[in-house]
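Below, each chain spelled out in residue letters.
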Amino acid sequence: MDTRAITDLKKLLGPDAVLHRPEELLLYEYDGSVENARPNCVVFPRNTKDVVGIVQIANRYQTPIIGRGAGTGLSGGALARQGGVLIAFSRMNRILEIDAENQRAIVQPGVVNADVSVAVAHLGLHFAPDPSSQKASTIGGNVSENSGGPHTLAYGVTTNHVLSLEVVLPTGELVRLGSPALDSPGYDLPGLFVGSEGTLALVTEVTIKLTRLPEAVKTLLAIFDTVDDATETVVDITARGITPAACEMLDGWTIRAVEAHVHAGFPIDCAAVLLLEVDGLREAVEQHAEDVAEVCRLHHAREVRVARDEHERALLWKGRKNAFGAVGRLSPTYYVQDGVIPRTKLPQTLRRINEIGKKYDFEIGNIFHAGDGNLHPIILFDAREEKQFQRAVAAAEEIICFCIEMGGSITGEHGVGMEKDRFMPLLFTEDDLNLMRRVRDAYNPTGLLNPGKIFPSTKGCGEIRVRPTPVGASRA
Amino acid sequence: MSTASAIHGSRLADIVGPSNVITDPAQLAAYTIDKKVPSAAARPQSTEEIFDLVKFAVKEKLAIVATGARTKLGMGLPPRQYDIALDVTRLDRLVSYDPGDLTLSVEAGMPLHNLGAILAEHHQFLPLAVPYYNHTTIGGAVASGVDGPLRQFYGTARDYLLGMEFVTGEGVAAKSGGRVVKNVTGYDIHKLMIGALGTLGVITRLNFKTFPMLTSIRAFMATFQTVERACGMRNRVSQSHLTPVTMEIFSPGVADLFSSEAASRVAPTSLPKDLLSKTRWTFTSGFSGNPNTLTRYETELRKMAEECGAVDATVLEGPELTSAFALKREFIPIALESSPAATILKISVLPRQMSEALANASREADNNRLRWTAMARGLGVIYFAILPTESNDATKRQVLQAADNILAACAALGGHATIPWCPTQWKNELKVWGLPRADFAQMLKLKKVFDPAGIFSPGRFVGGI
């Protein structure tokens with residue numbers, strides 16, 4: 001990168017808002033995925049005007065630009081794959097407006113997801129999308145990835161809660177898409193930009209919907225002696241038209257990892273648990289919880305526990321949301337997949353994942369959003385051993401291919417990023433991908449914004465390329 | 001028939017077969033849009049035939065309008081050019097349905113009520129309770145972007161459309177999304193097709209998430225002396241823990257509209273004529289659940305209504321509720337049927353501004369001595385129907401004046417308004433798509449990607465796209 005770009009950036013933002021020495025950049029090589037890529041510099045804008053200025057400088061020197069929130073993403077979305085200027089939004093972290101009456105808020109992209117819900121809790125409101133990373137991940141990141149979370153089963157993902165965006169296009173234009181009032185005339189631009197993985201624009205302001213907190217919540221833990229019983233329970237709950245607020249599954253292996261670390265109270269001798277939550281009016285919740293428990297018992301649940309108080313409930317969720325951290329203690333590196341399958345295919349898919357684990361000689365843990373068929377198989381491996389890494393990638397690929405065979409998708413909430421781009425041709429034809437590329441090019445004509453993401457550089461599934469060298473970082 | 005259209009007709013016949021091409025002017029009249037009649041209509045039955053048709057149209061520079069049941073062709077601006085009506089009603093298959101997964105894939109030409117009947121066998125439904133429900137195709141319901149009462153709880157098509165297949169303006173079959181309920185693979189292009197009036201592509205197949213059928217539904221109705229009080233009731237409910245499935249406010253004029261001849265033609269019901277008040281504003285909200293939940297709703301809504309100054313309150317259920325729901329769903333067709341120059345504004349504001357927006361609009365209509373009636377959804381979307389008894393020039397001037405002022409007042413509130421339905425002959429003067437938008441340039445970019453030759457519904461959409 002042209003060193004004059006750094007001089008210009010320092011002039012624009014001040015010296016304390018630009019990092020460029022190699023040791024300063026180390027932290028920004030990573031996100032939550034197994035990928036790494038180093039930017040040439042990291043900048044910290046304080047406002048939209050700064051972002052416009054950064055984009056102009058980047059254009060002047062023809063250098064890539066990449067937006068980044070907390071770097072918790074699991075697909076390499078916030079990594080500078082081709083170097084360039086990484087724009088860290090951590091200083092644009094203000095909640096600009098809370099309109100409780102209209103159940104809306106305007107926030108800057110660097111606001112942490114959970115902070116929004118904390119800020120409006122006293123008004124009886126929350127921001128419904130709740131990724132497990134919500135204590136760190138930012139609204140800007142959530143918007144870019146269209147993040148989900150356990151409660152999206154009933155409440156929807158990020159795109160269902162975004163009304164309007166202020167964005168800076170890669171050309172430096174500042175535009176507002178959509179509006180705080182519903183049904184903005186014309187094409188649904190927020191619908192396109194949310195989930196575009198930072199390839200169409202840099203988000204500088206987000207108008208979100210706030211959702212009323214439920215009056216009553218019941219959290220149940222159903223304990224099973226076989227994985228099949230647990231998955232059959234999910235199939236049955238879905239088929240009966242019961243929509244819990246959340247329906248999460250942890251298998252025995254994951255439970256043991258979690259218990260060693262979090263002590264959430266999961267029984268370590270079982271094959272699987274379902275963490276189920278129902279919410280709504282008091283009158284409905286009692287019956288809903290009973291309906292759910294009955295289905296669990298019908299499928300041989302050894303025990304169905306109901307969290308007695310907020311403390312027990314919080315503990316169960318702590319076990320779920322910190323599971324990835326717990327797993328990180330067991331292995332130098334892990335690889336999480338994010339495939340989705342029709343809920344009816346859950347039992348056979350879990351059996352297949354188990355077989356794939358045996359085939360490649362890995363213990364594969366499963367902790368996932370069972371209610372919407374969004375799998376998160378975790379493959380533990382040691383990245384320092386190249387052969388292991390290659391095996392892990394091959395196992396993950398087999399799992400993904402099976403999801404597609406089942407009529408599913410390669411990513412439910414983590415995004416394609418640079419991690420799954422090579423799988424895109426398994427789902428989309430060249431015509432589909434070309435159309436999407438042209439949509440990208442319409443807004444990002446030079447390709448300088450977040451290059452090397454979503455779209456495969458190789459063609460066809462026969463040519464799937466495994467990256468030759470493993471990355472060497474541990475992640476917890 | 002001109003020579004050119006005869007040649008076109010024969011080329012179309014090569015693609016879809018002679019029996020699926022219409023060139024007879026009498027039959028073509030059914031495809032009229034804003035007084036323009038196409039030179040031919042083609043009825044393809046596969047995606048392959050559609051992209052052949054599109055490729056042919058690109059080559060010959062012919063304009064295509066995709067049609068379903070043709071119930072909403074009057075929406076938007078008149079087409080600049082209209083050569084071929086691409087009638088998708090033969091693409092009407094249910095491609096797949098996995099009741100256990102609550103997902104389905106359906107072709108665009110499937111009538112919405114047919115799909116509803118299939119889902120009902122499995123005690124499921126699609127919350128797309130939109131106008132013309134008994135006639136519209138699923139593709140038309142999505143492409144027109146119309147909404148329905150159930151959006152209060154279920155959202156709009158945007159919230160449960162999982163994926164889509166379509167043919168672009170270059171004759172390329174493409175898709176986005178998928179069939180599973182959660183998916184972030186690739187751009188959500190299917191969301192762009194919702195409400196785009198067919199200007200980006202011809203929708204061929206749609207994948208949806210379905211929902212368990214509601215059981216034990218009831219609706220609460222209360223009447224209020226003023227719009228402020230009725231809206232106050234809406235605010236009260238939205239601040240509570242209640243999560244009703246529908247929530248609407250009706251102006252006093254709706255009573256006459258729903259008991260009119262027009263209403264009995266569009267949605268015949270046996271509802272008591274005095275169900276709605278002719279002098280007061282009516283708040284109505286549907287809810288569902290187990291017996292305890294129903295009691296809770298009823299008790300709480302009655303208490304709120306009393307505190308908000310309701311004059312009276314009642315609860316509907318059974319056949320009466322079904323009839324009332326159908327009338328509410330068909331508000332737009334009934335309004336259009338009830339006046340020779342019906343002009344319906346769609347006004348969007350923040351929910352708390354509804355009272356002011358309704359007051360503004362009704363004042364403007366009254367000032368211009370225009371008959372009007374309004375239905376407002378609890379989420380901040382108002383359908384304000386101006387229903388003149390004449391369609392002459394004097395009336396036009398009054399409507400123009402009122403509409404312009406309403407649009408401006410709405411913009412001043414930070415909202416936006418459009419005029420999706422109005423007489424053809426007024427469309428060049430009324431601001432059909434509302435005031436100019438700052439994000440219009442970004443929309444043009446998309447149009448160029450999807451339809452570079454500009455052959456899809458040219459001129460009908462926002463900004464004359």
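No experiment lies behind these values; they were computed from the predicted model shown.

A.B. asks: Is there a simple way to think about the overall build of chain B in this case?
C.D. replies: Each helix and strand in chain B was counted, giving 17 helices and 19 strands. Computed over C-alpha atoms, the radius of gyration of chain B comes to 22 Å, within 12% of the 23 Å expected from 2.2 N^0.38 for 465 residues, which places it in the range of a compact globule. For chain B, the spread of C-alpha atoms along the principal axes amounts to about 70 × 60 × 40 Å. A total of 465 residues make up chain B; the buried ones form 60% of that total. Put simply, of all contacts in chain B between residues at least 6 apart along the chain, 72% involve residues at least 24 apart.

A.B. asks: It is not clear to me how the overall build of chain A should be interpreted in this structure. Could you clarify?
C.D. replies: On a plain count of helices and strands, chain A comes out with 16 helices and 18 strands. In summary, chain A has a C-alpha radius of gyration of 22 Å against a globular reference of 23 Å for 476 residues, a match within 12%. On the principal axes, the C-alpha backbone points of chain A span a range of 65 × 55 × 40 Å. Put simply, of all contacts in chain A between residues at least 6 apart along the chain, 71% involve residues at least 24 apart.

A.B. asks: I'm lost on the interface of chain B and chain A in this one. Help?
C.D. replies: Interfaces are often sized by the accessible area lost when the parts come together. Between chain B and chain A, the contact holds 62 residues from the first and 67 residues from the second. In terms of residue count, helix H17 (residues 440-450) of chain B provides more of the side of chain B that touches chain A than any other element does, seven residues in total. Taken together, the residues of the side of chain B that touches chain A break down into 25 nonpolar, 22 polar and 15 charged.

A.B. asks: I keep staring at the sheet that holds strand E19 (residues 416-421) of chain B and nothing clicks. Help me out?
C.D. replies: Paired through backbone hydrogen bonds, the strands of a sheet run either parallel or antiparallel to each other. Residues and elements named next belong to chain B. Ordered by their spatial adjacency, eight strands build an open sheet running E15-E12-E14-E13-E17-E18-E16-E19, and the pairing between neighbours is antiparallel. Since the sheet does not close on itself, it has two edges, and those belong to strand E15 (312-316) and E19, each with one partner. Averaged over all neighbouring strand pairs, the angle between strand axes comes to 20 degrees, with direction disregarded. Of the strands in this sheet, strand E12 (217-224), strand E13 (246-250) and strand E14 (281-288) touch helix H9 (residues 227-238), which is tilted by about 20 degrees from E14. In this fold helix H15 (residues 354-367) packs onto strand E16 (343-348), strand E17 (372-377) and strand E18 (381-386), with an angle of close to 165 degrees to the strand it touches most, E17.

A.B. asks: Sorry if this is basic, but what is going on with the environment of Gly-191 of chain A here?
C.D. replies: Secondary-structure assignment places Gly-191 of chain A in helix H7 (residues 189-193). A C-alpha to C-alpha distance of 23 Å links Gly-191 of chain A and Phe-423 of chain A, two positions 232 residues apart in sequence. When near neighbours in sequence (up to four residues on either side) are disregarded, Gly-191 of chain A contacts Thr-159 of chain A together with Arg-158, Asp-188, Lys-191 and Leu-192 of chain B.

A.B. asks: When you look at the sheet that holds strand E4 (residues 84-87) of chain B in this model, what are you seeing that I'm missing?
C.D. replies: All names here are of chain B. On the basis of which strands lie adjacent, the open sheet formed by four strands has the order E1-E2-E4-E3 and mixed pairing. Both outer strands of the open sheet, strand E1 (21-22) and strand E3 (64-67), are each paired with one neighbouring strand and no more. Looking at chain direction, E1 and strand E2 (residues 40-42) are connected through two bridges and run antiparallel. Residue pairing for E2: Val-21 is matched across the bridge by Ala-42.

A.B. asks: Even after reading the chapter, I still don't get the packing of helix H13 (residues 346-360) of chain A against helix H14 (residues 386-405) of chain A, so can you show me in this structure?
C.D. replies: Axis angle and axis distance: for two packed helices, these are the angle between their axes and the distance between the axes, and together they describe the pair. All names here are of chain A. Direction vectors running N to C along H13 and H14 enclose 160 degrees, while the axes themselves pass 10 Å from each other. Looking at the two axes, H13 sits roughly antiparallel to H14. Between H13 and H14 lies a crossing of right-handed hand. Taking contact as the criterion, the partners of Thr-349, Arg-352, Ile-353, Ile-356, Gly-357 and Tyr-360 in H13 are, on H14, Arg-391, Ala-394, Ala-395, Glu-398, Ile-399 and Phe-402. Looking at the contact of H13 with H14 residue by residue, the classes come out as seven nonpolar, two polar and three charged.

A.B. asks: I'm lost on the domain arrangement of chain A in this one. Help?
C.D. replies: Residues and elements named next belong to chain A. Looking at the assigned domains, one finds that chain A contains domain 1 (1-213), domain 2 (216-324) and domain 3 (327-463). The centre of domain 1, based on its C-alpha atoms, is set 33 Å off from the matching centre of domain 2. Counting residues at the interface gives five residues for domain 1 and nine residues for domain 2.

A.B. asks: Is there a simple way to think about the pairing of E4 of chain B in this case?
C.D. replies: Each regular strand carries side chains that alternate between the two faces of the sheet. All names here are of chain B. Alternating residues of E4 divide into Ile-84 and Leu-86 and Ala-85 and Asp-87, and every residue in both groups is buried. Of the pairings in the sheet, the one linking E2 to E4 comprises three bridges and is parallel in character. The residue of E4 that forms the bridge with Ala-42 is Leu-86. In the sheet, E3 pairs with E4 via four bridges, with the strands oriented parallel. Paired with Ala-66 across the strands is Leu-86, a residue of E4.

A.B. asks: Where do I start with the domain arrangement of chain B in this structure?
C.D. replies: Residues and elements named next belong to chain B. When its domains are assigned, chain B resolves into domain 1 (1-211 + 438-465), domain 2 (217-332) and domain 3 (339-426). Each partner contributes to the interface: domain 1 provides nine residues, whereas domain 3 provides seven residues. For the side of domain 1 that touches domain 3, the residue count by class is two nonpolar, three polar and four charged.

A.B. asks: Looking at this structure, how should I read the confidence of the model for chain A?
C.D. replies: If pLDDT is low for a region, its predicted coordinates should not be looked at in detail. Residue-level pLDDT values for chain A average 93, and 96% of them are 70 or greater. When the criterion is pLDDT under 50, residues 459-476 of chain A qualifies, and its contacts beyond four places in sequence or with other chains add up to 30 contacts.

A.B. asks: Would you mind going over the pairing of strand E6 (residues 104-107) of chain A with me for this structure?
C.D. replies: Residue and element names in this part refer to chain A. One ladder, built from four bridges, connects strand E5 (residues 95-99) with E6; its direction is antiparallel. Bridging across to E6, Asp-99 finds its partner in Arg-104. The antiparallel hairpin formed by E5 and E6 contains four residues in its connecting segment, where Gln-103 sits at a positive phi of about 55 degrees. The pairing of E6 with strand E10 (residues 202-209) spans four bridges and is classified as antiparallel. Opposite Ile-106, over in E10, you have Thr-207 as the bridge partner.

Cut-offs used in this document
- Residues numbered from 1 in each chain as written.
- Chains lettered and ligands numbered in written order.
- Predicted model: local features only at pLDDT ≥ 70, side-chain atom pairs only at ≥ 80, totals over all residues.
- Helix = DSSP H or I, 4+ residues; strand = E, 2+ residues; numbered from the N terminus.
- Rg over C-alpha atoms; globule rule 2.2 N^0.38 Å.
- Buried ≥ 20, exposed ≤ 12 C-beta atoms within 10 Å, placed from the backbone.
- Contact = placed C-beta atoms within 7 Å.
- Nonpolar A, V, L, I, M, F, W, Y, C, P; charged D, E, K, R; others polar.
- Pairing = 2+ DSSP bridges.
- Axes fitted to C-alpha atoms, helices over the stretch in contact; angles between N-to-C directions.
- Parallel < 35°, antiparallel > 145°, perpendicular 65-115°, else oblique.
- Left-handed = near helix turned anticlockwise from the far one by under 90°.
- Domains from an automatic or database assignment.
- pLDDT = per-residue confidence, 0-100.

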